[in-house]
Amino acid sequence: VEPYGDLIVHQKVMGVDFASGGGDLCVASLIERTSDQHWQLKDQVAWDEPDTDVSVGRTINIYGQWAPDILICDKGGLGYPMFCTISKTVHNIIGCDGASTDKVANPTIHNNRYQAYDDLRQWIDRGWIKIDSQYTISELETIRKKYGASGKMRLLTKDEQKKDGIQSQDRADSLAMAVFGAVHFLG
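Quick caveat: nothing in here was measured; it's all calculated off a predicted structure.

Caption draft 1: Local environment of helix α3 (residues 112-126). For α3, spanning 15 residues, the distance from its first C-alpha to its last is 21 Å, which sits close to the expected 21 Å at 1.5 Å a residue. Buried within α3 are the following residues: Asn 112, Tyr 114, Gln 115, Ala 116, Tyr 117, Asp 118, Asp 119, Leu 120 and Trp 123. Here α3 starts with a cap whose side-chain oxygen sits 3.3 Å from the backbone nitrogen of Arg 113, and that cap is Asn 111. Following α3 by one or two positions, Gly 127 has its phi on the positive side, about 75°.

Caption draft 2: The arrangement of the packing of aromatic side chains in detail. Applying the stated rule across the entire model yields three aromatic pairs. Seen from their ring centres, Tyr 80 and Phe 83 are 6.5 Å apart, and the 35° between their planes marks the pair as tilted. Taken together, the residues Tyr 80 and Phe 83, both in helix α2 (residues 79-86) and three residues apart, mark about one turn of the helix. Seen from the ring of Tyr 135, Arg 171 lies directly overhead, with NZ or CZ sitting 4.7 Å from the centre.

Caption draft 3: Up close: the nonpolar core. Membership of the largest hydrophobic core comes to 27 residues, with the highest contact counts inside it found for Val 13, Ile 31, Ile 129 and Leu 175. Contributions of two or more residues to this core are made by β3 (39-47), β4 (70-74), β5 (93-96), α3, β8 (153-155) and α6 (170-186). Setting aside chain neighbours within four positions, we find Val 13 in contact with Ser 29, Leu 30, Ile 31, Trp 39, Pro 68, Ile 70, Ile 72, Ala 178, Ala 182 and Leu 186. Listed in part, the 19 residues of the second largest apolar core include Phe 18, Trp 66, Leu 71 and Val 90.

Caption draft 4: Structural context of empty space enclosed by the protein. This model, assessed by the stated rule, comprises one cavity of 30 Å³ or more. Looking at the largest cavity, its volume works out to about 40 Å³. Looking at the lining of the largest cavity residue by residue, the classes come out as five nonpolar, two polar and two charged.

Parameters at a glance
Residues numbered from 1 in each chain as written. Predicted model: local features only at pLDDT ≥ 70, side-chain atom pairs only at ≥ 80, totals over all residues. Heavy atoms only, no water. Helix = DSSP H or I, 4+ residues; strand = E, 2+ residues; numbered from the N terminus. Expected span 1.5 Å × (residues − 1). Buried < 20%, exposed > 50% of the residue type's maximum accessible area, 1.4 Å probe, protein only. Polar contact = N/O pair within 3.5 Å; in protein donor to acceptor, adjacent residues only side chain to side chain. Phe/Tyr/Trp six-rings, centres within 6.5 Å; stacked < 30°, edge-to-face > 60°. Lys NZ or Arg CZ within 6 Å of the ring centre and 35° of its normal. Core = buried A, V, L, I, M, F, W, Y, C linked by side-chain atoms within 4.5 Å. Contact = heavy atoms within 4.5 Å. 1 Å grid on protein atoms, 1.4 Å probe; cavity = no way out; pocket = protein on both sides within 12 Å on 5 of 7 lines; lining within 4 Å. Points joined across faces, edges and corners; volume = space filled by probe spheres on them. Nonpolar A, V, L, I, M, F, W, Y, C, P; charged D, E, K, R; others polar.

Listed below in structure tokens is the structure:
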């Protein structure tokens, strides 16, 4: 489906999911607004370097190349020190803690990580985002949710996924984070 509608000011959001090891990838995704309500996944860069200094440098380098309106990156767990270091150089950075509930819009949603995927699901269902990456589409097809003890929906944890033989959805995570940034921080 080709985007349609009146073109507006182009906006770009960069989402970065940092890997915590165990074969996971660090992934930067760039989404770009192509019309008044349509976006496209324009680029993705993945790397598997375990050195956090390399990930910080690579993120800043990609940010300089892509020049997004905002950079949203993982600030939970291992991502927090990288977020702090990057924020000394990049001033339009937003930290995303997937375990937090500060941006949860629906009372049946457990946390920001699920909210990000729900935002992405809505964009896909409405035809608001074009995704050409087969890697990312394949990862999106493996996303599984379940109800937690509180009765709220959540995504399977990385450990639960591994038990079910599901690979980490690193590309999908960075895309969901970028959409989350566009929805909750660009308006």
